[in-house]
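Next come the chains, spelled out residue by residue.
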Amino acid sequence: GDSVTQTEGQVTVSESKSLIINCTYSATSIAYPNLFWYVRYPGEGLQLLLKVITAGQKGSSRGFEATYNKETTSFHLQKASVQESDSAVYYCALRPGTGSNRLTFGKGTKFSLIP
Amino acid sequence: GPKVLQIPSHQIIDMGQMVTLNCDPVSNHLYFYWYKQILGQQMEFLVNFYNGKVMEKSKLFKDQFSVERPDGSYFTLKIQPTALEDSAVYFCASSSSGGANERLFFGHGTKLSVL
């Protein structure tokens, strides 16, 4: 079946430094999957951060970017300068390119600032 | 922003009993989902529901599981009878459309403890 692997556990970075959370995927469908980053801020429900449905394209939102790389089957999340409000749990996910609305999630990566 | 509400946040039940998890989706949304997350693992797709019917379900959606939206408001997941392995956090989600432009809104989850 489909699978998503992302940076495990927790990532800590100093304020205004850059952040990268790695995500790689494996999809069984012939059609290229759609790729997503979802985020759960403290006390809130999971919400969409960004998505890219076409291989080779880049998605961006709230200063975050992710590029859909079909050669390396990766969709890494990056931000050039993080701040306290970015503290959250980030989930990479994929949906098959055709025929299904089910999302396959990674285990989540918790990001917080170095105090 | 739009909210999906799940009540209660925690439910404790004895093995073999029936339980119903309630979800109040975003108004005017048409697509509804349940996901299951066992402690320490990733969130996994259970089922999606549209126009009064189950559209897709996973192997995790056992015969003991059922979903409905009886009065056009709450979307429910019923487990009858419950088993120990049903202990998990169950997340409800809704969206206004399916396909490539789909954007899911998730609830905070209901933690189900089967004793």
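Rules used in this analysis
Residues numbered from 1 in each chain as written. Chains lettered and ligands numbered in written order. Predicted model: local features only at pLDDT ≥ 70, side-chain atom pairs only at ≥ 80, totals over all residues. Heavy atoms only, no water. Helix = DSSP H or I, 4+ residues; strand = E, 2+ residues; numbered from the N terminus. Rg over C-alpha atoms; globule rule 2.2 N^0.38 Å. Buried < 20%, exposed > 50% of the residue type's maximum accessible area, 1.4 Å probe, protein only. Contact = heavy atoms within 4.5 Å. Areas by Shrake-Rupley, 256 points an atom, 1.4 Å probe, with all protein chains shown as cover. Lys, Arg positive; Asp, Glu negative; His and termini not counted. Charge placed at Lys NZ, Arg CZ, Asp CG, Glu CD. Pairing = 2+ DSSP bridges. Axes fitted to C-alpha atoms, helices over the stretch in contact; angles between N-to-C directions. Buried area = accessible area lost by both parts, 1.4 Å probe. Salt bridge = Lys/Arg side-chain N within 4 Å of Asp/Glu carboxyl O. Polar contact = N/O pair within 3.5 Å; in protein donor to acceptor, adjacent residues only side chain to side chain. Nonpolar A, V, L, I, M, F, W, Y, C, P; charged D, E, K, R; others polar.

A.B. asks: Requested: an account of the overall build of chain A, with residues and values cited.
C.D. replies: Counting its secondary structure elements, chain A contains 0 helices and 12 strands. Its helices and strands in sequence order give chain A the pattern β-β-β-β-β-β-β-β-β-β-β-β, from N to C terminus. Taken against the 2.2 N^0.38 rule, which gives 13 Å for 115 residues, the C-alpha radius of gyration of chain A at 14 Å falls within 12% of a compact globule. Expressed as lengths along the three principal axes of its C-alpha atoms, the size of chain A is roughly 45 × 25 × 20 Å.

A.B. asks: How would you summarise the overall build of chain B if you had to cite specific residues and measurements?
C.D. replies: The helix and strand tally for chain B stands at 0 helices and 11 strands. Reading the helices (α) and strands (β) of chain B from amino to carboxyl end gives β-β-β-β-β-β-β-β-β-β-β. Each principal axis of the C-alpha distribution contributes one length, and for chain B these read about 40 × 25 × 25 Å. Residue burial in chain B is summarised as follows: out of 115 residues, 44% are buried. When contacts within chain B are restricted to residue pairs at least 6 apart in sequence, long-range pairs at least 24 apart make up 55% of them. Working note: accessible area of chain B is about 5,800 Å², and carbon and sulfur atoms make up 51% of it. Each charge sign in chain B was given a centre, from 10 positive and 10 negative side chains, and these centres are 4 Å apart.

A.B. asks: So what's going on with the sheet that holds strand 8 (residues 64-67) of chain A? Which residues, and what values?
C.D. replies: Residue and element names in this part refer to chain A. Taken together, 4 strands build an open sheet; the order of strands is 3-9-8-7 and the sheet is antiparallel. Both edges of this open sheet fall to strand 3 (19-21) and strand 7 (58-61), since each of them pairs with a single strand only. For this sheet, the mean inter-axis angle between neighbouring strands, taken without regard to orientation, is 20 degrees. As defined by bridge partners, strand 7 adjoins strand 8 across 4 bridges and the pair is classed as antiparallel. Bridging from a neighbouring strand, Lys58 pairs with Thr67 of strand 8.

A.B. asks: Got a sec to walk through the environment of Leu30(B)? Specific residues and values, please.
C.D. replies: All names here are of chain B. Among the structural elements, Leu30 can be located in the loop between strand 3 (19-24) and strand 4 (31-37). A relative accessible area of 45% places Leu30 in the partly exposed class. For the pair formed by Leu30 and Thr110, sequence separation is 80 residues and the distance between their alpha carbons is 21 Å. With sequence-adjacent residues up to four places away left out, Leu30 is seen in contact with Phe49, Tyr50, Asn51, Ser95 and Ser96.

A.B. asks: A description of the interface of chain B and chain A should follow, citing residues and the corresponding values.
C.D. replies: Listed per partner, the contact involves 23 residues of chain B and 20 residues of chain A. On the chain B side of the interface with chain A, the three residues burying the most area are Gln42(B), Met43(B) and Phe106(B), jointly 25% of the side's total. In this assembly, chain B and chain A are joined by 1 salt bridge. Among the ionic pairs, Arg102(A) bridges to Glu56(B), the shortest N-O distance being 3.0 Å. Where chain B meets chain A, there are 8 residue pairs in polar contact (both at pLDDT 80 or more). Per element, the largest residue contribution to the side of chain B that touches chain A is 4 residues, and it comes from strand 4 of chain B. By residue class, the composition of the side of chain B that touches chain A is 9 nonpolar, 10 polar and 4 charged.

A.B. asks: For the sheet that holds strand 3 of chain B, give the residues involved together with the corresponding values.
C.D. replies: Residues and elements named next belong to chain B. Judged by pairing direction, the sheet is antiparallel, and its 4 strands sit side by side in the order 1-3-8-7 without closing on themselves. Of all the strands in the sheet, just strand 1 (5-7) and strand 7 (65-68) have a single pairing partner and so form its edges. Across the sheet, the mean angle separating the axes of adjacent strands is 20 degrees when strand polarity is ignored. The pairing of strand 7 with strand 8 (residues 75-79) spans 4 bridges and is antiparallel. Pairing of Phe65 across the sheet is with Ile79, part of strand 8.

A.B. asks: Help me get a handle on the pairing of strand 3 of chain B, residues and values and all.
C.D. replies: Sheet faces and side chains relate simply in a regular strand, where the side chains alternate between the two faces. All names here are of chain B. A one-sided burial pattern is seen for strand 3, the buried positions being Val19, Leu21 and Cys23 and the unburied ones Thr20, Asn22 and Asp24. Across 5 bridges, strand 3 lies against strand 8 in antiparallel orientation. Across the sheet, residue Cys23 finds its bridge partner in strand 8, namely Phe75.

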